[in-house]
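Inside the fold
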Amino acid sequence: MTTWLFNSSLAGLCKPDAAGLPKLRPDGRPELRPINSQETMYTLAAKAALPSVTQRASAALTRAKQLGVGVPNAVEAIIAAHKLYLDDGDEEGLADSVFCAIQSDAVNAFNSIDRVAVLKAAMKHTPEILPFVRAAYARVSDCVWGTRGAGPQPHHIIKSSNGVRQGCVFAALLFALAYLETLEKVQADHPNVIIPSLHDDTTVLGRVEEAAPAFAALRARMAEVGLTQKPPKCYAYSPQVAASTITDRLPTGCAPSDNGLVALGVPVGRKAYIRQFVAQRLSRPMRLMRLLPLLKDFQIATRILTASLLPRVRFLMSNVPVGIATEEFAAWDACLKATLTALLRQAPPKHTFLPHRGGGLGAFLAEERHAETFLRGQERALRTAKKFFPELGTQIADALAERASSPLGRACAAARAMLPDTARSNFPTLAELSSMKDTETRTVGEKLKAAVTAHLKGVALRALPPLQQQILVLSSLPGAAAWLTVTPRFPHLTLSDEEARAAACIRLGLPHACLAGVGGEDRLGRHALRKKGAGRIATHGVLITVLAKFSRRAHRSVEVEVVGLYGPYPQEQRRHHRNEGEMRRMDLIVMHDVGTMAMTDGTLADGAAPSLLLRSDALQAPHRALEEAERRKDKKYLADKPPNSTFSTFAIGTQCELGEQAKKWLMSWAEDVAKAQLGANAVVEKSYLRKLVWGALQELGVAIMKAQAKQIFDHAALATRRRFNLPRAGPAAALMRASGRQGRARGGR
């Protein structure tokens, strides 16, 4: 249950032996200890109860500008409020009314909040979960602090009666509710200031003479709920005057800043300050990225790159205007190219930096994506700010209209000018987007991303030969990149370093290093993937094995490589390599409870075969190879299929793209698995079915890519032996069909 719900291991529940491994009982089962069962059940109950109270609690929080719970794009909206309220120009000038932002942060906030305030807030805003909260927080907790190594006292118990529980599902909600009364009181006493807050990260926006007393009042009110301000993180910034001008008017514990401040991880201030912050924030990811080639694990390195490092850069790009930190982002792009060159052991082509749906590895260059990312981020931020910061109505309208009087509007206009022509013509103005519904806006944002991807893909296609063009189109089909998103937690989801590199070369259409010294051979390895023999038979066997494993998860009876349901091949389908009277075999048969039989025959297809490349519409019809494979199987089996049975072809391409019948097979399988897990009468959401299908695509893609990598390696070894006239490493039978199927079935060909 812990693994299924929380994506964690059960190893901590097992008693360790002397070697640190799980201690086993005499019957071989691990000896469990219930040290985490209470926490597991608590988390399960909290996950079930949270959705019922989040919406109502979020409504109460947002009235006080507390956007930490239940507000999408809250961080971007608060950052936009900072930018809109302050004039972030470089020029300094005196004004009668000096506007400023004073930032407040608390010391160890989540562990210091008073639990009495937590219980009172839960009683006021979410009384239905009060018994649950009281059971979790009404008594003193034991915090275990461990020291490294063995000693007389390796662990220390600290009694704690403050703070929310670390890892608690309700932690963010309960903290925000307990802090809510503080914000409401300060706002009521100082109505002329704006106090946006994300949990304990609070900013006071207003005139200096009004913001300074509000900041002091906030400090006093925070002490009432057990919070203490952290002076090193409390700054005041005004773009209108020098810091020395307002120092005397600021409360104690608040340091003035001449250049800007950091709001929720994003710099707000002068251009030089933003450039310095971006360079500093990119330095650590770049340092880590340079170490990725030393991991000697291509799969983990690419996952760290795409799932950890690139999102940080994307967040900066969505909030830093285009043209301010050009050199810093250019340095990031150069570091990214060098890292991928070391990982792939060859220079990455342009289409490597396309997203998964574009046929690339999911990486991106800031130079190509900055304008689109910034526009999409600001659209979401301004839409959210328009809803929760009505005081900034004029400023938001100017920014949405991209007027020159608004610095943010100028930044959006500059970003729009850098978009490709096709994307600029298809992307409405921000003012038009603000009047659309949320669902329409999300669609428009995806259209903008798709338009930029299509433009970059078109540029990459024009620089490629026909074969690699077709490979790129096939790799961009839905589901073909599922294996790239796998986290290698289990052996069946893990690719070795060379297998992952070979799989990446197959996806990108790059030459394989193992084929470099093989004269006269296709260095892209397409012939190795296409030719019939032991390697292709083994890949077909892997496909059937994975499909059988899927079917067993739905609690179905499964038979593989079944002979006897069909007679010999028809006369017109016999070929010289088929024996006379040979029986047709069915790859997979699944028996249903109602007595029906579902037959599935798997097949492999290469959409980049030379015969298909000769056609003029090869790029426009990438599914042709899969469709032809399905038609051949239908002609072979549908005419005389047994009664009370259904037949489908599971066709998969060399890029892990699927045919239409294969997609229907997976969706039907997901429905069966959901019924087996949740009950026959349960109402299954489509999102859950899509999650099951995506997990199946990930597992299937890893298995197929691993088998195809072996085909490449075996082909290189065989070509090398032939070139230098070396003896074979194994018996001739290893290259025969029976060996490829490991003798699972008797009879047939």
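Residues numbered from 1 in each chain as written. Predicted model: local features only at pLDDT ≥ 70, side-chain atom pairs only at ≥ 80, totals over all residues. Heavy atoms only, no water.

Together, Leu288, Leu291 and Leu294 give the surface a local cluster of nonpolar side chains, amounting to about 290 Å² of exposed area. For Leu291, the location among the structural elements is in helix 10 (residues 271-291). (Patch = residues over 30% accessible without salt bridge, like charges linked within 9 Å, V, L, I, M, F, W, Y side chains within 5 Å. Areas by Shrake-Rupley, 256 points an atom, 1.4 Å probe, with all protein chains shown as cover. Salt bridge = Lys/Arg side-chain N within 4 Å of Asp/Glu carboxyl O. Helix = DSSP H or I, 4+ residues; strand = E, 2+ residues; numbered from the N terminus.)

A few words on empty space enclosed by the protein. On inspection of all chains with the given rule, the structure shows four cavities of 30 Å³ or more. Volume-wise, the largest cavity comes out at about 60 Å³. As for the largest cavity, its lining consists of Phe298, Gln299, Thr302, Arg303, Trp483, Leu484, Val486, Leu495 and Ala500. With four residues, the top contributor of residues to the lining of the largest cavity is helix 11 (residues 298-319). (1 Å grid on protein atoms, 1.4 Å probe; cavity = no way out; pocket = protein on both sides within 12 Å on 5 of 7 lines; lining within 4 Å. Points joined across faces, edges and corners; volume = space filled by probe spheres on them.)

Moving on: the pattern of salt bridges. Under the counting rule described, the total for this entry stands at 26 salt bridges. Between Glu498 and Arg345 there is a salt bridge, and its shortest N-O distance comes to 3.1 Å. Note that Glu498 is positioned in helix 20 (residues 497-508) and Arg345 in the loop between helix 12 (326-344) and helix 13 (366-388), a separation of 153 residues in sequence. The network of salt bridges with shared partners includes Arg345, Asp497, Glu498 and Arg501.

Before going further, it helps to examine the sheet that holds strand 1 (residues 99-104). Strand order across the open sheet formed by five strands is 4-5-1-6-7, with mixed pairing between neighbours. Among the strands making up the open sheet, the edge pair consists of strand 4 (197-198) and strand 7 (255-257). Where strand 1 meets strand 5 (residues 201-207), six bridges bridge the pair, whose relative direction is antiparallel. Following the sheet pairing, Cys100 is matched in strand 5 by Gly206. Against the sheet, helix 8 (residues 208-224) engages strand 1 and strand 5, with an angle of about 150 degrees to strand 5. (Pairing = 2+ DSSP bridges. Contact = heavy atoms within 4.5 Å. Axes fitted to C-alpha atoms, helices over the stretch in contact; angles between N-to-C directions.)

Taken over all residues, the pLDDT of the protein has a mean of 82, while the share at 70 or more is 84%. At the level of individual helices and strands, the protein shows its lowest average pLDDT in helix 1 (residues 2-6), which scores 38, and its highest in helix 12, which scores 95. Ignoring residues within four places in sequence, the model shows residues 731-749, a span with pLDDT below 50, making 31 contacts including any to other chains. (pLDDT = per-residue confidence, 0-100.)

With five of seven residues buried, strand 5 lies mostly within the body of the structure. Note that strand 4 and strand 5 share two bridges and pair antiparallel. By the bridge assignment for strand 5, Leu198 is matched with Asp201. Counted between consecutive antiparallel strands, the loop separating strand 4 from strand 5 contains two residues, among which His199 sits at a positive phi close to 60 degrees. (Buried < 20%, exposed > 50% of the residue type's maximum accessible area, 1.4 Å probe, protein only.)

Of all hydrophobic cores here, the largest spans 82 residues; its most connected members are Phe329 and Leu666. Per-element tally for this core: the top contributor is helix 26 (residues 686-724), with twelve residues. Contacts of Leu666, omitting those with residues within four sequence positions, involve Phe550, Phe650, Leu658, Val693, Ala696 and Leu697. By size, the runner-up hydrophobic cluster in this structure holds 54 residues, among which are Leu130, Tyr137, Tyr179 and Leu183. (Core = buried A, V, L, I, M, F, W, Y, C linked by side-chain atoms within 4.5 Å.)

Bringing the side chain of Thr352 into the picture now. Mapped onto the elements of the fold, Thr352 is located in the loop between helix 12 and helix 13. Once residues within four sequence positions are removed from consideration, Thr352 is found in contact with Leu340, Leu344, Gly360, Leu361, Gly362, Ala363 and Leu508.

Counting buried residues along strand 12 (residues 597-605), nine of its nine residues qualify, which places the element largely inside the surrounding structure. Residues Met597, Met599, Asp601, Thr603 and Ala605 line one face of strand 12 and the alternating positions Ala598, Thr600, Gly602 and Leu604 line the opposite face, and both faces are buried. Pairing of strand 12 with strand 13 (residues 645-653), which is carried by nine bridges, proceeds in the parallel orientation. Paired with Met599 across the two strands is Phe647, which belongs to strand 13.

Once that is clear, we can look at helix 20. Relative to the 16 Å expected for twelve residues at 1.5 Å per residue, helix 20 spans 17 Å between its end C-alpha atoms, a close match to the ideal helical length. Counted residue by residue, helix 20 has eleven buried out of twelve residues, so it is predominantly covered. The elements touched by buried residues of helix 20 are helix 11, helix 12, helix 19 (466-475), helix 21 (526-530) and helix 26. Once helix 20 ends, the next one or two residues include Gly509, with phi positive near 70 degrees. (Expected span 1.5 Å × (residues − 1).)

To continue, consider the packing of helix 20 against helix 26. Contact pair helix 20 / helix 26: the axes reach a minimum separation of 9 Å and the direction vectors enclose 90 degrees. Looking at the two axes, helix 20 sits roughly perpendicular to helix 26. Counting all contacts with helix 20, which are made through Glu498, Glu499, Ala502, Ala503 and Ile506, the residues of helix 26 involved are Met705, Lys706, Gln708, Ala709, Ile712 and Phe713. Residues belonging to the contact of helix 20 with helix 26 are distributed by class as follows: seven nonpolar, one polar and three charged. (Parallel < 35°, antiparallel > 145°, perpendicular 65-115°, else oblique. Nonpolar A, V, L, I, M, F, W, Y, C, P; charged D, E, K, R; others polar.)

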